[in-house]
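Analysis of the macromolecular model
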Amino acid sequence: MASSSPFSHLLSSLSSKSPLFSSRPRSYPSPKPPLAPISPLSFHFPSPKLSPVLPLLPQNTLNGLNSLLSSASGSLFLALASLSLSFSLFLGQVDPASAFVVTTPRKLQSDELATVRLFQENTPSVVYITNLAARQDLFTLDVLEVPQGSGSGFVWDKKGHIVTNYHVIRGASDLRVTLADQSTYEARVVGFDQDKDVAVLRIDAPKDKLRPIPVGISADLLVGQKVFAIGNPFGLDHTLTTGVISGLRREISSAATGRPIQDVIQTDAAINPGNSGGPLLDSSGNLIGINTAIYSPSGASSGVGFSIPVDTVGGIVDQLVRFGKVTRPILGIKFAPDQSVEQLGVSGVLVLDAPPNGPAGKAGLLPTKRDSYGRLILGDIITEVNGKKVTSGSDLYRILDQCKVGDKVTVEVLRGDHKEKINVVLEPKPDES
């Protein structure tokens, strides 16, 4: 009877258009002539007493309408139930994803854990140094202290000694040191070595706030081993950068005197302005160098940074702490640039001046001068010192760095067209005596 219901064509139409009905294809009999249109909003359950229209319909038509209403009501109930459940999950306190996703705590690799531990253990030893300079106000004529630079440093011992680069404190009228806990102290200069770009400061801080950095050795370093730099680049305190040793036994010139610094460590760890004076550490967290310079046309890190080896720094710091100065021997001469000597077609160091009261002047080395006609007369050209060949000013400095004040050295010079050997007793710099 249901298959011959006049509403069969209506059920077929609804099931093919509505997602609430099955989409499985079915076969239906040929559609009957369409009935009068019925608005969905006017659906009512059949009641002969209340509805003047439904009693006029045949019995099979009423049965079909009941079946349609029952099917539509069930589908509508399912839709409303699904919608209600979705809203309850959305508005509830329980995250629906938590029922399906199991989150695990963050885990770091072993090398990451080692880096984090190294930074946490060594950060308290690194300090921030502010260089203050006295400036006079143009209108009030008051003298003010204005920050003119900043850099890094590290705690050397429990007595409050701070090690940094000389160029970090150069020209300062006052210095301030900020520790890892952001406490700031006035610092005084204990001593400095311009030739090696090393300076030592001292602060009056409680011993419990001072954590000396562990000192390693730089003699057994290898190219390729991992290194870490901690500093304050661009004023950003306690920044960690990592890299490897790119080269060893490099040579750079001191920014203050131009004297060469030998056995410098080259690294690709990012070293930027503000990193100067900060420590370079090995993978064990031991100090192996002081970050001092970068090779960069722009002034920012280009992957070529240089650090003074700790073996060189250690001896200098000990002298500065004990005596407030470094006693370094000199010959007491002024020599010509290497390019000028090369143009003469000779190899060696040309003596421009040898003061009579200096070591070389006392020994009899001849300086460059002009005769009564204004013609230039070349002075002695140093070719060897203690049997070691000298071809440039760097060679001469390198040999003198291995000597001590009071040592007697044999200097071989080219004088005119012949060579002579002269004994010279080395003396300290006049400002260090």
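Everything numeric in this text was worked out from a predicted model, so none of it was measured.

On to the overall build of the chain. Scanning the chain from terminus to terminus reveals 8 helices and 22 strands. Counting across all 433 residues of the chain, residues that qualify as buried make up 38%. Counted over contacts in the chain with a minimum sequence separation of 6, partners at least 24 positions apart contribute 59%. Accessible surface, the chain as shown: approximately 25000 Å² in total, 57% of it carbon and sulfur.

Let us now look at the sheet that holds strand β7 (residues 226-231). Around the barrel, which closes on itself, the 6 strands sit in the order β7-β8-β9-β12-β11-β10 with antiparallel pairing between neighbours. Looking at each pair of strands side by side, their axes are set apart by 50 degrees on average, direction ignored. Relative to strand β12 (residues 305-309), strand β11 (residues 287-294) runs antiparallel, the two sharing 5 bridges. Across the sheet, the residue bridging to Ile294 is Gly305, located in β12. On the sheet, helix α3 (residues 110-122) packs against β7, β8 (239-253) and β10 (279-282) and is oriented at approximately 40 degrees with respect to β7. Along the sheet, helix α5 (residues 310-323) contacts β11 and β12; its crossing angle with β12, the most-contacted strand, is approximately 50 degrees.

A surface patch of like charges, here positive, comprises Lys158, Lys159, Lys207 and Arg211. Tracing the backbone through its elements, the reader meets Lys159 in the loop between β2 (143-155) and β3 (161-164).

Judged by how many residues are buried, β11 sits mostly within the fold: 6 of 8 residues are covered. Summarising the sheet, β10 and β11 pair through 3 bridges and their orientation is antiparallel. What sits directly across from Leu280, in β11, is Gly289. In textbook terms, the turn of a hairpin is the stretch between consecutive antiparallel strands, and for β10 and β11 this stretch comprises 4 residues, one of which, Gly285, has a positive phi near 85 degrees.

With that settled, the discussion passes to helix α8 (residues 393-400). Those residues of α8 that sit buried are Gly393, Asp395, Leu396, Ile399 and Leu400. Take α8 and look down its axis: the buried residues cluster within an arc of 160 degrees, on one side only. Check the buried side of α8 and you find it contacts β13 (329-330), β14 (334-335), α6 (338-343), β15 (349-353), β18 (381-385) and β19 (388-389).

Glancing now at the side chain of Arg415. Note on placement: Arg415 falls in strand β20 (residues 408-415). Judged by relative accessible area, which is 19%, Arg415 ranks as buried. When neighbours within four sequence positions are excluded, Arg415 is seen to be in contact with Gly364, Leu365, Leu366, Asp380, Glu420 and Ile422.

Thresholds, definitions, all that
Residues numbered from 1 in each chain as written. Predicted model: local features only at pLDDT ≥ 70, side-chain atom pairs only at ≥ 80, totals over all residues. Heavy atoms only, no water. Helix = DSSP H or I, 4+ residues; strand = E, 2+ residues; numbered from the N terminus. Buried < 20%, exposed > 50% of the residue type's maximum accessible area, 1.4 Å probe, protein only. Contact = heavy atoms within 4.5 Å. Areas by Shrake-Rupley, 256 points an atom, 1.4 Å probe, with all protein chains shown as cover. Pairing = 2+ DSSP bridges. Axes fitted to C-alpha atoms, helices over the stretch in contact; angles between N-to-C directions. Patch = residues over 30% accessible without salt bridge, like charges linked within 9 Å, V, L, I, M, F, W, Y side chains within 5 Å. Salt bridge = Lys/Arg side-chain N within 4 Å of Asp/Glu carboxyl O. Lys, Arg positive; Asp, Glu negative; His and termini not counted. Charge placed at Lys NZ, Arg CZ, Asp CG, Glu CD. Arc of directions from axis to C-beta.

Fair warning: the whole summary comes from geometry, so function is off the table for now.
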